[in-house]
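Topology and contacts: notes
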Number of protein chains: 2
Amino acid sequence: MKKLLPLLLAALPLLVGAAPPPKPPTPNEILESAPADAWQTVPAEDLMLIDLPHGQRIALALAPAFAPVHVANIRALARGGWYDGTSINRVQDNYVTQWGDGTEKKPLPATIAAKPPAEYERPAAGLSFRPIGYPDAYAPETGHVAGWPAARGGQQAWLVHCYGMVGVGRGLAPDTGTGAELYAVIGHAPRHLDRNIAVVGRVVGGMEALTALPRGTEQLGFYKPDAPHPAIVRVRIASDLPAAERPVYQVMRSDAPAFAAWVTARANRNDAFFVRPAGSVDICNAMPPVRLMVK
Amino acid sequence: MKKLLPLLLAALPLLVGAAPPPKPPTPNEILESAPADAWQTVPAEDLMLIDLPHGQRIALALAPAFAPVHVANIRALARGGWYDGTSINRVQDNYVTQWGDGTEKKPLPATIAAKPPAEYERPAAGLSFRPIGYPDAYAPETGHVAGWPAARGGQQAWLVHCYGMVGVGRGLAPDTGTGAELYAVIGHAPRHLDRNIAVVGRVVGGMEALTALPRGTEQLGFYKPDAPHPAIVRVRIASDLPAAERPVYQVMRSDAPAFAAWVTARANRNDAFFVRPAGSVDICNAMPPVRLMVK
């Protein structure tokens, strides 16, 4: 492109009086016109559905490529109905909502890994990592992998704690996160948790059911024992439901040209409202778009 | 300190078998032991109290040093009781809660600036700017000014859109933000708004009343006209209340040594939970701590 510059500059006088160049599309215009193959369907095997009272449902996309043992645990717990009847136990403002077995005493099935490895990062080799190209406070490099927000450093890659990302609660020892308690980020990205805990997925639907809740009044936002704990009625893996009952979510492919255009447009907002586009965007303000295709 | 290094190294063998060096304090330990003069009281003239139904109250610290005309407008509207009887009109998940005159038709008093200047940034000269010292996606430099999260570039400085920061809603024209509608950030910092809108303060108390609300179902998270809109019962400036009725909030001084230690500890978490401290912290994960001294 650089070689073309003098030619273009020389041509500029010819353009005086011509129509102004077309305005680049806004982020939403890019999404609306993206081709079908810019989207990937969340596999039913990776889609976990969490049913709450009053018909509320949370849909969670799992990330087995990053935390295979943890995801296998979570799938097994869902399939065994183990989460059914547990509850939301912690809502800490600007931090996390946490759910599962708040008693920490419910026996775990023998089939799951009781001491899973610390799947906090993985080899970057084999991943198609698309760098975002802007500075980051926490990682040498951030970007996207197969529709996930990620970071890379040295030979390793890891998922980052953006709004809506889901991790596995653990005790002080790294091998104590069985999947019995999960959390979703409900505030400013707590990126200091990156590489300190296993990130296993992302809320792709029903986020409001985790964010519009009363904050817990105990330390760390836990609900008081005698306060109402929203019930987890039923948790299932979508592939175990009859095909007609499976919702279908799609996430934008991070290797699609439309995604690259969308990230650029998010960094250089030209919607009528903006008087000064930032020229940059943080990884957590560039979460791959999600759409619900079949409810 | 560099000159001392060889001496210390030489002394090391003597330490073998001695007690390990004391562990540096955690962020919370630093706050608990900070001296009284590490904290500054929010002036009653800059403290706005927003009363909602059922005794809920939001406390908002105003930032006249950054947006003097907008803050004067807001104070005048509060003093005239103009906000009383308005409502919360918009709750957009992972973005903002917005309140005030949703009709956009309530007549404004003649005393306020109907077309305030675009106070989106101000000269950096005269401000005591403490750089945070870590990279940022959006600004050449971020840091703190008198207990506020800020950025600096060229000769200008501005407040940044972190969680809980409050700005003045406006139309497409920059001079349309009268103060009739205000918003607070309730999600990941929408830093692309920096320098595109007037930031006028920060929620220092009662944030839950803005975050634990049902999300609006109309475009941009506006509530449907016939959906319940939480009422703004009464808005006052604390200095107009009898002294005995004024709450007292304190914000940590960003020029206090304890604050510097706290930021360093936030960047290098050594709480027992962390297996890999980040070595860095984003400006919006280093919001100056707030405490309520008198309720």
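See the structure above.
Attention in this report is confined to the structure presented alongside it. The shown structure was predicted, so the numbers you read here are calculated from the model rather than taken from an experiment.

Remarks on the interface of chain B and chain A
Facing 43 residues of chain B, the contacting portion of chain A comprises 43 residues. Contact between chain B and chain A buries roughly 3,800 Å² in total, counting both sides, with carbon and sulfur atoms accounting for 55%. By the criterion of area lost to chain A, the three top residues of chain B are B:His188, B:Phe273 and B:Arg276, representing 19% of everything that side buries. Remark: the boundary between chain B and chain A carries two salt bridges. Salt-bridge contacts for A:Glu121 lead to B:Arg276; the nearest nitrogen and oxygen are separated by 3.2 Å. Counting across the interface, chain B meets chain A through 27 residue pairs in polar contact (both at pLDDT 80 or more). Taken together, the residues of the side of chain B that touches chain A sort by class into 22 nonpolar, nine polar and twelve charged.

Side note on helix H3 (residues 68–79) of chain A
Residues and elements named next belong to chain A. Helix length check: H3 (twelve residues) gives 16 Å between terminal C-alpha atoms against 16 Å at 1.5 Å per residue, within 8%. Considered for burial, the residues of H3 that qualify are His 70, Val 71, Asn 73, Ile 74, Arg 75, Leu 77 and Ala 78. Considering only its buried residues, H3 is in contact with strand E2 (47–51), strand E3 (57–62), strand E11 (165–168), strand E12 (181–185), strand E13 (199–205) and strand E14 (234–237). In the segment just after H3, Gly 81 is the residue with positive phi, at about 70°.

Considering the state of the cysteines
Residue and element names in this part refer to chain A. One pass over the structure, following the stated rule, counts two disulfides over all chains. Here Cys 162 connects covalently by a disulfide to Cys 284, the sulfurs 2.1 Å from one another. Sign of the S-S torsion, about -75° for the bond between Cys 162 and Cys 284, identifies this disulfide as left-handed. Of the two residues, Cys 162 is situated in the loop between strand E10 (156–159) and E11 and Cys 284 in the loop between helix H5 (257–267) and strand E16 (290–294); the sequence distance between them amounts to 122 residues.

A few points about the sheet that holds strand E9 (residues 148–153) of chain B
Read from one edge to the other, the open sheet built from five strands follows the order E6-E10-E9-E8-E7 (chain B), with strand pairing classed as antiparallel. Edge strands, defined here as strands with exactly one partner in the open sheet, are strand E6 (122–123) and strand E7 (129–131) of chain B.

Concerning the environment of A:Lys295
With respect to the element layout, A:Lys295 can be found in the segment after E16. For the pair A:Lys295 and A:Gly279, spaced 16 residues apart in the sequence, the C-alpha separation amounts to 36 Å.

Points about the nonpolar core
Generally speaking, nonpolar side chains in soluble globular proteins are found buried as a group. B:Leu47 and B:Met252 are the most contacted members of the largest nonpolar core, which has 49 residues in total. Secondary-structure elements contributing two or more residues to this core are helix H2 (27–33), strand E2 (47–51), strand E3 (57–62), E9, strand E10 (156–159), strand E13 (199–205), strand E15 (248–252) and helix H5 (257–267) of chain B. At six residues, H5(B) tops the list of elements feeding residues into this core. Excluding anything up to four places from it in sequence, B:Leu47 contacts B:Val42, B:Ala59, B:Leu60, B:Val204, B:Arg236, B:Ile237, B:Ala238, B:Pro247 and B:Tyr249. Grouped together as the second largest cluster of nonpolar side chains are 48 residues, A:Ala34, A:Leu47, A:Cys162 and A:Val263 included.

Some points on the pairing of strand E8 (residues 141–145) of chain B
Residues and elements named next belong to chain B. In terms of residue burial, E8 counts as a mostly covered element, since four of its five residues are buried. Pairing geometry for E7 and E8, over three bridges, is antiparallel. Following the sheet pairing, Pro 131 is matched in E8 by Gly 143. With five bridges joining them, E8 and E9 adopt antiparallel strand pairing. Following the sheet pairing, Val 145 is matched in E9 by Trp 148. The hairpin turn running from E8 into E9, its antiparallel successor, is two residues long, and Ala 146 in that turn takes a positive phi close to 50°.

What about the pattern of salt bridges?
Under the counting rule described, the total for this entry stands at 32 salt bridges over all chains. Residue B:Arg195 is joined to B:Glu121 by a salt bridge in which the shortest nitrogen-to-oxygen separation is 3.6 Å. Of this pair, B:Arg195 sits in the loop between strand E12 (181–185) and E13 while B:Glu121 sits in the loop between strand E5 (96–100) and E6, placing them 74 residues apart in sequence. Of the residues examined, B:Arg195 reaches a relative accessible area of 19% and is grouped as buried. The structure contains a network of salt bridges with shared partners spanning A:Glu45, A:Asp46, A:Arg75, A:Arg79 and A:Asp240.

Observations regarding the sheet that holds E12(A)
Pairing between the strands of a sheet comes from backbone hydrogen bonds, and it takes one of two forms, parallel or antiparallel. Residues and elements named next belong to chain A. The eight strands lie next to each other as E4-E5-E12-E11-E13-E3-E2-E14, forming an open sheet whose pairing is antiparallel. Each edge of the open sheet is held by one strand with a lone partner, namely strand E4 (87–91) and E14. Pairs of neighbouring strands in the sheet enclose a mean axial angle of 30°, with direction left out of account. The pairing of E4 with strand E5 (residues 96–100) spans four bridges and is antiparallel. Residue pairing across strands places Ile 88 opposite Trp 99, the latter belonging to E5. Seen against the sheet, H3 touches E2, E3, E11, E12, E13 and E14 and runs at an angle of roughly 120° to E14.

Cut-offs and rules
Residues numbered from 1 in each chain as written. Chains lettered and ligands numbered in written order. Predicted model: local features only at pLDDT ≥ 70, side-chain atom pairs only at ≥ 80, totals over all residues. Heavy atoms only, no water. Contact = heavy atoms within 4.5 Å. Buried area = accessible area lost by both parts, 1.4 Å probe. Salt bridge = Lys/Arg side-chain N within 4 Å of Asp/Glu carboxyl O. Polar contact = N/O pair within 3.5 Å; in protein donor to acceptor, adjacent residues only side chain to side chain. Nonpolar A, V, L, I, M, F, W, Y, C, P; charged D, E, K, R; others polar. Helix = DSSP H or I, 4+ residues; strand = E, 2+ residues; numbered from the N terminus. Expected span 1.5 Å × (residues − 1). Buried < 20%, exposed > 50% of the residue type's maximum accessible area, 1.4 Å probe, protein only. Disulfide = S-S within 2.5 Å. Pairing = 2+ DSSP bridges. Core = buried A, V, L, I, M, F, W, Y, C linked by side-chain atoms within 4.5 Å. Axes fitted to C-alpha atoms, helices over the stretch in contact; angles between N-to-C directions.

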